[in-house]
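So the chains spell out like this:
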Amino acid sequence: MKIGLVGYQGSGKSTLFHWLTGVAPDPASAHSGQSAMAPIPDDRIAKLCEIYHPKKVTQAALEIVDTPGLSRTHEGNAQRLALIREAGCLVFVVPGFDRDDPLADMRGFDEDLILADMEIVSGRIARIEESLKKPIARAEREPLEHELKTLRLVLAAMESGKPLREAEMTDEQRKATRAFRLFSEKPRLVIVNTADDEQQPERFTAASTPEQPVLAVPVGLELELSKLSPEERAEFQREMGVGGADRDQLIRTLLDASNQITFFTAGEKEVRTWLLRRGGTALEAADGIHSDLARGFIRAEVICAADLIRLGSEREVKAHHLVRQEPKDYVVRDDDILLIRFSV
């Protein structure tokens, strides 16, 4: 799962990238973007390891992509944003210092995203119109005419200045745009990069909505604090009364914002967490582990991690009749440990 960090030049976006991933920004990548993995923290992993004593432990991770800084003139921004067209979630980083206007930056981002999306949709419309000028069979013409009609409606919605996530679109219209991975349909999170001594973060988070959560974080300070030992960090925060943002919690928030959950596979060979879209089925989870498991899927044996940790062993879980047999359309939950039964 890719998480795209976007921000105007000087927003602190690359500092956030450094804090989340532990990888310092590479100046050579300033114009091409940079990516690194951020393992998803999970306290349950250590407890499962105490039960299974596995030879290997693997944590699921988010791929954090730091894009080139955007221009406030909007020039060239569509090209810069193309680097994260496949991202599952966008994180807007906006400065929140004395004279900065985070709300204006947020509106500017929406404008940049809509312009980039309009470029994609307009290009497809032009190609369809060109194709329809040629003599083609009716079986080919009708689907193209239908797609053209649908995309013109989508383009009109974007031209009104409203992000597609807020527009009233039919399932058919959303299906027509799905392959384009439009920015204005993606889930997003806003991080206001505040001053180190910010005393009223709520003045920024008041703009938070379920569709666009807003967090206030002194990113530069948190990066510096992350370099200290836990004892030094706690002492500094206590003396100065600053800091306190939780990096691990922020990564979990990014996971939630991107509509992903984690599930487990566990045994003596390996304890591992896997990513799955929220609402994903056991068959999709099996396919994420290995395509052979999905092709030969028989059933999923499911244990709740909380039950296993509480009881201490699979034997006790089975004795309490807490192992479930689930079909391929079972909707996987965040606390599930899966064992996929399949035929070769």
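For the structure, see preceding data.
Bear in mind that the values here come from a model prediction, so they are computed numbers and not experimental data.

Some points on the packing of helix α5 (residues 138–159) against helix α6 (residues 171–178)
Contact pair α5 / α6: the axes reach a minimum separation of 10 Å and the direction vectors enclose 95°. Put simply, α5 runs roughly perpendicular to α6. Of α6, the residues touching α5 (which contributes H146, T150, L151, L153 and V154) are E172, Q173, A176 and T177. For the contact of α5 with α6, the per-class residue count stands at 4 nonpolar, 4 polar and 1 charged.

Description of the pairing of strand β5 (residues 89–96)
Of all 8 residues in β5, 8 are buried, a share of seventy percent or more. Going residue by residue along β5, you find C89, V91, V93 and P95 tucked away on one face and L90, F92, V94 and G96 tucked away on the opposite face as well.

Here we look at a negative patch on the surface
A contiguous patch of negative charge, built from D98, D100, D101, D196 and D197, is present on the exposed surface. Along the chain, D196 turns up in the loop between β6 (188–194) and α7 (202–205). What makes D196 partly exposed here is its relative accessible area of 45%.

Describing the side chain of R252
Along the chain, R252 falls in helix α10 (residues 247–257). Note on R252: relative accessible area 18%, which makes it buried. Every residue in contact with R252, bar those within four places of it in the chain, is listed here: I40, P41, D42, R44, T262 and D334.

Concerning helix α1 (residues 13–21)
Since there are 3.6 residues in each turn of an α-helix, residues three or four apart along the chain are aligned in direction. Most of α1 sits out of view: 7 of its 9 residues are buried. Within the span of α1, buried status applies to K13, L16, F17, H18, W19, L20 and T21. Of the residues trailing α1, G22 is marked for its positive phi of about 80°.

A short note on the pattern of salt bridges
Counted under the stated rule, the structure contains 26 salt bridges. Between R44 and D42 there is a salt bridge, with its nearest N and O atoms 2.7 Å apart. The residues R44 and D42 share a single accessibility class, namely buried. R44 is the salt-bridge partner of D334, the closest N and O atoms lying 3.0 Å from each other.

Quick word on the side chain of R44
Assignment of secondary structure puts R44 in helix α2 (residues 43–52). A polar side-chain atom of R44 sits 2.8 Å from a polar atom in the side chain of D335. Leaving out residues up to four positions away in the same chain, R44 has contacts with R252, T262, F264, A305, I309, D334 and D335.

As for the sheet that holds strand β1 (residues 2–6)
Here 6 strands make up an open sheet; going across it, the order is β2-β4-β1-β5-β6-β7 and the pairing mixed. The sheet terminates laterally at β2 (34–39) and β7 (214–217), the two strands that pair on one side only. The sheet shows a mean angle of 25° between the axes of neighbouring strands, taken without regard to direction. Relative to strand β4 (residues 61–66), β1 is paired through 4 bridges, and the arrangement is parallel. Looking at β4, one finds that L5 is bridged to D66.

Rules of the game
- Residues numbered from 1 in each chain as written.
- Predicted model: local features only at pLDDT ≥ 70, side-chain atom pairs only at ≥ 80, totals over all residues.
- Heavy atoms only, no water.
- Axes fitted to C-alpha atoms, helices over the stretch in contact; angles between N-to-C directions.
- Helix = DSSP H or I, 4+ residues; strand = E, 2+ residues; numbered from the N terminus.
- Parallel < 35°, antiparallel > 145°, perpendicular 65-115°, else oblique.
- Contact = heavy atoms within 4.5 Å.
- Nonpolar A, V, L, I, M, F, W, Y, C, P; charged D, E, K, R; others polar.
- Buried < 20%, exposed > 50% of the residue type's maximum accessible area, 1.4 Å probe, protein only.
- Patch = residues over 30% accessible without salt bridge, like charges linked within 9 Å, V, L, I, M, F, W, Y side chains within 5 Å.
- Areas by Shrake-Rupley, 256 points an atom, 1.4 Å probe, with all protein chains shown as cover.
- Salt bridge = Lys/Arg side-chain N within 4 Å of Asp/Glu carboxyl O.
- Lys, Arg positive; Asp, Glu negative; His and termini not counted.
- Charge placed at Lys NZ, Arg CZ, Asp CG, Glu CD.
- Polar contact = N/O pair within 3.5 Å; in protein donor to acceptor, adjacent residues only side chain to side chain.
- Pairing = 2+ DSSP bridges.

Just distances and angles here, no functional claims.
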